[in-house]
Each structure stands twice: as structure tokens, then as C-alpha cells.
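# Notes for the structure review
Listed below are the residues making up each chain.
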Amino acid sequence: MIRALHRPVLIIGFVITVALFAVALLSLVWTPLPPAKMNIVHKLNAPLEFGLLGTDQFGRDVASMLMVGAWNSLSTSLLAVALGACVGTAIGVIVAMRRGWLEVFVMRGCDIIFAVPPILSAMMLGAFIGSGRFTAIVAIGTFMVPVFARLTLGAALQIWTRDYVAAAVGMGRSKSRITLVHILPNISNQIIVQVTVQLGLAILTEAGLSFLGLGMPPPNPTWGRMLADAQTYLGQAPWLALMPGLAIAFAVLGLNMLGDGLRDLLDPRNDG
């Protein structure tokens, strides 16, 4: 705890991330106005002219839409990263146990997935099952799988060379038991850090998918769709693009800073 207080990057990232989650959770029980309520009389009102952050082309409250958009973007990204982390980590530790042809096969599979960006994956999935939240989760989560698989494999292989693991093997412990008792606990810090970093990337990717119309369908507000809708009104109402753009930027910045801070804090080679 004392070490964390001496790391401003970690503290700033933590504060931004907590604020993001707080706003997202608050939107489940309260928003200044119903985010889908249209009021044409007050359309394109500037910030503070009507509502804290103004209104859009349909008279909807921008602040309320941002709050609900935070939950939609964050929940979609969390589910996608959880999918990628669970599947990728399982693949990584299994490959570390087996090695051989399985390692070669999995690594080539990771290369193939890396070659197909999540936006293109979402477009292909959308052609078969339609666009929507499920499509975004699967597309982003699939792209996250090789990230966690490679990270887990590399970290697990290092632990398998340790003396205490060799001693466990000599005692006749099964590889599965060694993985659960020795491997996973010793690589959990790296996985946690990677989850934080990938969550920021997932939010950015989800915004891109929503911008292209491949995310959650209307009338559910998302930051990406708010940016897409604001294109037509950049000259007349620039705040419509500025607000969701800043929200995405601060969310990604906070999560990246939190990830960097956690990496430094949890690195056993760093005693500062």
C-alpha cells in the first residue's frame, strides 16, 4: 500500500478508472433525464443552456446519454476481455503443460487471429448473425484470446523451469495439479495487468464498432454512436463530438495508466 502511494501514475489511473465505474453504475439507477427522451423544442442546445452538457439533434440530454453510454461501453468491453482472458489463459497453461506440436499449432492459430482485426471480424460476424452487442463481444473477445494465450504461455514456461516446480514433478505431482498450485498463482499478477491494459483497448475498439454501426443497436446510447451521429453537426454543435470523444480518451488513458502503475507495482524486480 505504501509503495502504491508513491506512484502518481497508478494513483491517477486508479482515480480515473474508479470515476468511470462510478458513473457507469450510477447510470443504472439515476440519470439527469431519460437518455432516450426526445425534446425537439430544445434540440442542439449548448451546454448549460439546457442540461449540463447540452442536447443532441433530437433534444436528448447529452449528459444522460454519456452516463448510459459509459455502462454500455464498459460492460461490453468487460465481457469481451473476460472472454478473451479466460479462453486465452486456459489455452496458454495447457500448451505450457503439453508443448510439442500443440505449441506450434496454437502459435500459428494466434498469428492467424492477429491478422484479422476485430472490426473486420465484427463485420464478418454481422453478416451471419447480425450486428449488436453479442457480435461486438465475440469479435473483441476473439482478438483478445491470442494476447492472453501468448502472455500466459511465456510466463508459464518460465515458472516451469523453477526449482520448486522441478521438486513438485520429482514428488510425482501431476502437471494439472502443479499448474493450479504453482503456475497460475505465480502468473496471476501479469494476467491482471494485461486485463487492465486490454480493457482500455476494448473500450476503444467497441467505440469503433459502434461508430460503424456494429455495436449495440439504437436507441441504446454508446460513445461510438454518439460520435458517428455528431459528424453532421460538427460546425453547428461541436460539443456533440467533443463530449464522447473526451469520455473515450479519459477512459482509455485512465486504464492504461492504471495498467502501467500496476505493472510497476507488481514487478518483483522493482523494489521502489
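Here the structure is a predicted model, which is why all the values come from computation and not from measurement.

When its secondary structure is counted, the protein chain shows 10 helices and zero strands. Listed by position from the N terminus, the elements making up the protein chain come as α-α-α-α-α-α-α-α-α-α. Taking the principal axes of the C-alpha coordinates as reference, the protein chain spans close to 75 × 50 × 30 Å. Counting over 272 residues, the protein chain shows a buried share of 46%. A separation of at least 24 residues holds for 71% of the contacts in the protein chain among residues at least 6 apart in sequence.

The next point concerns a nonpolar patch on the surface. Where nonpolar side chains cluster on the molecular surface, the patch consists of I119, L120, M123, M124, F211 and L212 and spans about 520 Å² of accessible area. For the nonpolar patch, the element with the highest residue contribution is helix 5 (residues 118–129), accounting for four residues. Tracing the backbone shows M123 in helix 5.

What follows covers the nonpolar core. Judged by nonpolar contacts, the single largest core of 58 residues is most densely connected at W160, I183 and W223. If you list the elements that add at least two residues to this core, you get helix 2 (8–26), helix 3 (62–98), helix 4 (101–115), helix 6 (133–160), helix 7 (163–170), helix 8 (175–211), helix 9 (223–230) and helix 10 (239–266). Among the elements that take part in this core, helix 3 stands out by supplying 13 residues, more than any other. V193, L258, L262 and L265 belong to the second largest nonpolar core, which has five residues in total.

Take helix 9 next. The element helix 9 is largely enclosed, with a buried count of six among its eight residues. Buried residues in helix 9 make contact with helix 2, helix 3, helix 8 and helix 10.

Right, let's talk about unusual backbone geometry for a bit. If a residue is not glycine, its phi is most likely negative; likewise, a peptide bond is most likely trans. P218 connects to P219 through a cis peptide bond whose omega is 10 degrees. Positive phi outside glycine occurs at L44, with the angle close to 55 degrees. Residue classification places L44 among the buried positions, given a relative accessible area of 16%. Backbone geometry places L48, a non-glycine residue, at a positive phi of 75 degrees. You can see L48 is positioned in the loop between helix 2 and helix 3.

Glancing now at helix 3. An α-helix turns once per 3.6 residues; consequently, residues spaced three or four apart project the same way. When the terminal C-alpha atoms of helix 3 are compared, their 53 Å separation across 37 residues agrees well with the 54 Å that a helix rising 1.5 Å per residue should span. For helix 3, a buried count of 26 out of 37 residues is recorded, marking the element as mostly surrounded by other parts of the structure. One or two steps after helix 3, the chain reaches R99, where phi turns positive at roughly 55 degrees.

A separate point is the pattern of salt bridges. Applying the stated criterion across every chain yields a total of five salt bridges. Across the pair D111 and R108 runs a salt bridge, and its minimum N-O distance is 3.1 Å. Taken as a pair, D111 and R108 lie in helix 4 at a separation of three residues, close to a single helical turn. According to the relative accessible area criterion, D111 is partly exposed, its value standing at 32%. Looking at R108, the relative accessible area reads 45%, which means it is partly exposed.

Take the packing of helix 6 against helix 8 next. With their axes 8 Å apart at the nearest point, helix 6 and helix 8 run at an angle of 145 degrees to one another. Considering the relative orientation of helix 6 and helix 8, their crossing is right-handed. Looking at the contact of helix 6 with helix 8, its residues break down into 18 nonpolar, eight polar and two charged.

When pLDDT is averaged along the protein chain, the result is 87; 95% of the residues meet or exceed 70. For the protein chain, helix 1 (residues 2–5) is the element with the lowest average pLDDT, namely 56, and helix 3 is the one with the highest, namely 94.

Parameters and conventions
- Residues numbered from 1 in each chain as written.
- Predicted model: local features only at pLDDT ≥ 70, side-chain atom pairs only at ≥ 80, totals over all residues.
- Heavy atoms only, no water.
- Helix = DSSP H or I, 4+ residues; strand = E, 2+ residues; numbered from the N terminus.
- Buried < 20%, exposed > 50% of the residue type's maximum accessible area, 1.4 Å probe, protein only.
- Contact = heavy atoms within 4.5 Å.
- Patch = residues over 30% accessible without salt bridge, like charges linked within 9 Å, V, L, I, M, F, W, Y side chains within 5 Å.
- Areas by Shrake-Rupley, 256 points an atom, 1.4 Å probe, with all protein chains shown as cover.
- Salt bridge = Lys/Arg side-chain N within 4 Å of Asp/Glu carboxyl O.
- Core = buried A, V, L, I, M, F, W, Y, C linked by side-chain atoms within 4.5 Å.
- Expected span 1.5 Å × (residues − 1).
- Axes fitted to C-alpha atoms, helices over the stretch in contact; angles between N-to-C directions.
- Left-handed = near helix turned anticlockwise from the far one by under 90°.
- Nonpolar A, V, L, I, M, F, W, Y, C, P; charged D, E, K, R; others polar.
- pLDDT = per-residue confidence, 0-100.

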